[in-house]
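The primary structure of each chain is shown beneath.
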Amino acid sequence: MSGSPSQVPLHDLVRAFGRVGLISFGGPAGQIALMHRVVVDERKWLDEGQYLRALNFCTLLPGPEAQQLATYVGWRLHGVAGGLIAGGLFVLPGAAVILGLSILYAYAADLTWVQGAFFGVKAAVLAIIAQALLRLAGRALDTGLKRGLALAAFGLLFLFNAPFPAVILGAALIGALFAAAPVAAPTPDAETRPRKRDMAWRTARSVAVWGAIWAAPALAILLLLGPDHVLMDIAAFFSKLAVVTFGGAYAVLAYMAQEAVQTHGWLDAGQMADGLGLAETTPGPLILVTQFVGFLAAFRFPEPFTPLLAGIIGAGLGTWMTFAPCFLWIFALAPWIERLEHARRLQAALSGVTAAVVGVIANLGLWFALHVLFDQTRRVQTGSLDMILPLLSGFQPVALILAAVAAIALIRFKLGIMAVLTGAVAAGVALQAVA
């Protein structure tokens with residue numbers, strides 16, 4: 001039965017996902033492809049249908065789908081212990097690297113060569129987002145309705161600063177309304193009812209246990225530091241992020257960037273782009289940029305701790321609040337995954353969300369482009385319009401050239417992300433040296 005110990009030795013699971021955690025570069029698409037090669041092609045732990053159903057299930061959940069997929073595979077092979085091992089090993093190597101780079105960034109960001117390196121990284125990030133947008137659009141926008149949802153999502157976010165959760169919920173509802181009639185599930189008989197009750201009990205128990213684990217750090221901060229401390233704000237923000245952000249890493253980043261920069265003021269748009277660049281260059285989920293944001297937020301407002309200690313706590317808190325819910329979703333809901341294939345309206349809602357996410361990523365790309373290609377931007381609020389526009393006098397043509405070269409390397413010549421980022425960093429350092 002799914003979720004019970006299998007014939008796969010536990011040390012094989014540790015070895016496989018330790019390797020995945022160390023080499024999982026390239027964002028969600030690359031990580032999902034890597035896990036497919038390891039889990040389906042090489043080790044044959046799941047067949048193709050099981051893997052795809054698991055991927056569809058994880059895509060329906062809020063948060064990073066690649067990490068949740070790793071957790072599900074581990075759970076299926078060795079229960080909760082396997083899920084913790086696989087999901088944890090998928091995250092921990094990248095988290096350690098991001099923490100080290102966040103500390104270096106906080107103390108060395110003013111160095112000339114570091115500024116040049118991040119200038120190159122930010123230009124390459126624009127190309128990476130463009131590549132992700134083209135890939136997803138090519139797969140997801142196969143009907144007029146889906147193209148309309150993507151355009152509407154982009155317009156609502158860029159022109160009207162609409163709330164991200166409302167955009168995603170609206171797309172899901174529209175997708176579900178235009179679905180074909182759902183397949184009727186078989187009427188449960190006497191043999192299936194006890195199993196369903198047992199599954200419901202296990203789900204409730206998982207929600208209670210992992211809900212307590214998820215909330216424990218926030219409760220400790222509330223008791224020790226009070227409700228107004230920046231660490232409490234970090235805990236609350238990333239808990240909300242874990243619940244409302246559907247559609248994958250880039251959709252999460254769009255919402256996080258908007259809130260962390262414009263609402264909370266924890267960092268500026270350039271620093272947010274730097275953090276995304278760091279996450280692109282390290283193994284593990286792209287959403288580990290939450291650790292960078294948590295570090296800088298607490299580093300900037302450290303009392304009563306030293307800046308370094310506050311930053312480390314903030315980084316750990318951001319990571320905890322991002323990934324603890326992922327284990328909750330998987331351990332609570334994975335026993336029901338085989339029923340997903342019969343829920344046509346649920347699948348249709350997902351297709352609506354996926355279409356809207358194309359618009360979300362387009363908005364993220366334009367938001368970063370305005371802050372990378374121009375020195376200054378201004379916020380325009382007129383009636384219902386609420387948008388960010390650049391000051392043309394601050395245009396940086398060199399950044400545009402670097403971004404264009406990176407995009408050609410990625411999209412036309414299909415170079416790897418690490419090669420493009422390395423080249424962009426070298427170009428940025430060289431340009432800073434001769435400036």
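Everything that follows concerns the structure shown earlier in this document.
Note that the structure is a prediction, hence the values are computed from the model and not measured. (Residues numbered from 1 in each chain as written. Predicted model: local features only at pLDDT ≥ 70, side-chain atom pairs only at ≥ 80, totals over all residues. Heavy atoms only, no water.)

On to the overall build of the protein, then. In terms of regular secondary structure, the protein is built from 16 helices and 2 strands. On C-alpha atoms alone, the protein measures out to a radius of gyration of 22 Å, which is about the 22 Å that the 2.2 N^0.38 rule sets for 435 residues. Considering only C-alpha atoms, the protein reaches an extent of 75 × 50 × 45 Å along its principal axes. For the protein, buried positions account for 52% of its 435 residues. In the protein, once contacts between residues fewer than 6 apart in sequence are set aside, the share between residues at least 24 apart is 75%. Of the roughly 19,000 Å² of accessible surface on the protein, 68% is carried by carbon and sulfur atoms. Between the averaged position of the 27 positive side-chain charges in the protein and that of its 22 negative side-chain charges there is a distance of 8 Å. (Helix = DSSP H or I, 4+ residues; strand = E, 2+ residues; numbered from the N terminus. Rg over C-alpha atoms; globule rule 2.2 N^0.38 Å. Buried < 20%, exposed > 50% of the residue type's maximum accessible area, 1.4 Å probe, protein only. Contact = heavy atoms within 4.5 Å. Areas by Shrake-Rupley, 256 points an atom, 1.4 Å probe, with all protein chains shown as cover. Lys, Arg positive; Asp, Glu negative; His and termini not counted. Charge placed at Lys NZ, Arg CZ, Asp CG, Glu CD.)

Before going further, it helps to examine a positive patch on the surface. Residues Arg 135, Arg 139, Arg 412 and Lys 414 make up a contiguous surface patch of positive charge. Relative to the elements of secondary structure, Arg 139 occurs in helix α5 (residues 112-140). Classification of Arg 139 by relative accessible area gives exposed; the value is 59%. (Patch = residues over 30% accessible without salt bridge, like charges linked within 9 Å, V, L, I, M, F, W, Y side chains within 5 Å. Salt bridge = Lys/Arg side-chain N within 4 Å of Asp/Glu carboxyl O.)

Our next topic: the packing of helix α7 (residues 164-177) against helix α14 (residues 344-373). Their axes nearest at 7 Å, the elements α7 and α14 cross at an angle of 135 degrees. Compared by their axis directions, α7 and α14 come out oblique. Crossing of α7 against α14: the hand is right-handed. On the side of α7, the interface is formed by Phe 164, Ile 168, Ala 171, Ala 172, Gly 175, Ala 176 and Leu 177, while α14 contributes Arg 345, Ala 348, Ala 349, Gly 352, Val 353, Ala 356, Val 357 and Val 360. Tallied by class, the residues present in the contact of α7 with α14 amount to 12 nonpolar, 2 polar and 1 charged. (Axes fitted to C-alpha atoms, helices over the stretch in contact; angles between N-to-C directions. Parallel < 35°, antiparallel > 145°, perpendicular 65-115°, else oblique. Left-handed = near helix turned anticlockwise from the far one by under 90°. Nonpolar A, V, L, I, M, F, W, Y, C, P; charged D, E, K, R; others polar.)

Turning to the pairing of strand β1 (residues 377-382), a few remarks are in order. Where a strand is regular, its side chains alternate between the two sheet faces. Inspection of the sheet shows β1 paired to strand β2 (residues 385-390) by 6 bridges, in the antiparallel sense. The residue of β2 that forms the bridge with Thr 382 is Leu 385. Taken together, β1 and the strand that follows it, β2, pair antiparallel across an intervening segment of 2 residues, in which Gly 383 is found at a positive phi of about 60 degrees. (Pairing = 2+ DSSP bridges.)

Tallying each qualifying case throughout the model produces 12 aromatic pairs. Judged by centre distance (5.5 Å) and plane angle (50 degrees), the rings of Phe 374 and Phe 395 are tilted. Of this pair, Phe 374 sits in the loop between α14 and β1 while Phe 395 sits in the loop between β2 and α15 (397-412); the two residues are 21 residues apart in sequence, bridging distant segments of the chain. Take Phe 374: its relative accessible area is 13%, and that puts it in the buried class. (Phe/Tyr/Trp six-rings, centres within 6.5 Å; stacked < 30°, edge-to-face > 60°.)

The next thing to look at is the side chain of Glu 259. Looking at the element boundaries, Glu 259 is found in helix α10 (residues 249-263). Lys 240 provides the closest opposite charge to the buried, salt-bridge-free Glu 259, at an N-O distance of 4.9 Å. Sequence-distant contacts of Glu 259, that is, excluding residues within four places in its chain, are made with Phe 237 and His 264.

For the rest of this paragraph, the subject is the pattern of salt bridges. Summed over all chains, the structure comprises 6 salt bridges. The closest approach of N and O atoms between Arg 37 and Glu 42, which form a salt bridge, is 3.7 Å. Of the residues examined, Glu 42 reaches a relative accessible area of 42% and is grouped as partly exposed. Residue Arg 379 is joined to Asp 386 by a salt bridge in which the shortest nitrogen-to-oxygen separation is 2.8 Å. Using a relative accessible area of 43% as the deciding quantity, one classes Arg 379 as partly exposed. One salt-bridge network, held together by shared partners, links Arg 19, Arg 37 and Glu 42.

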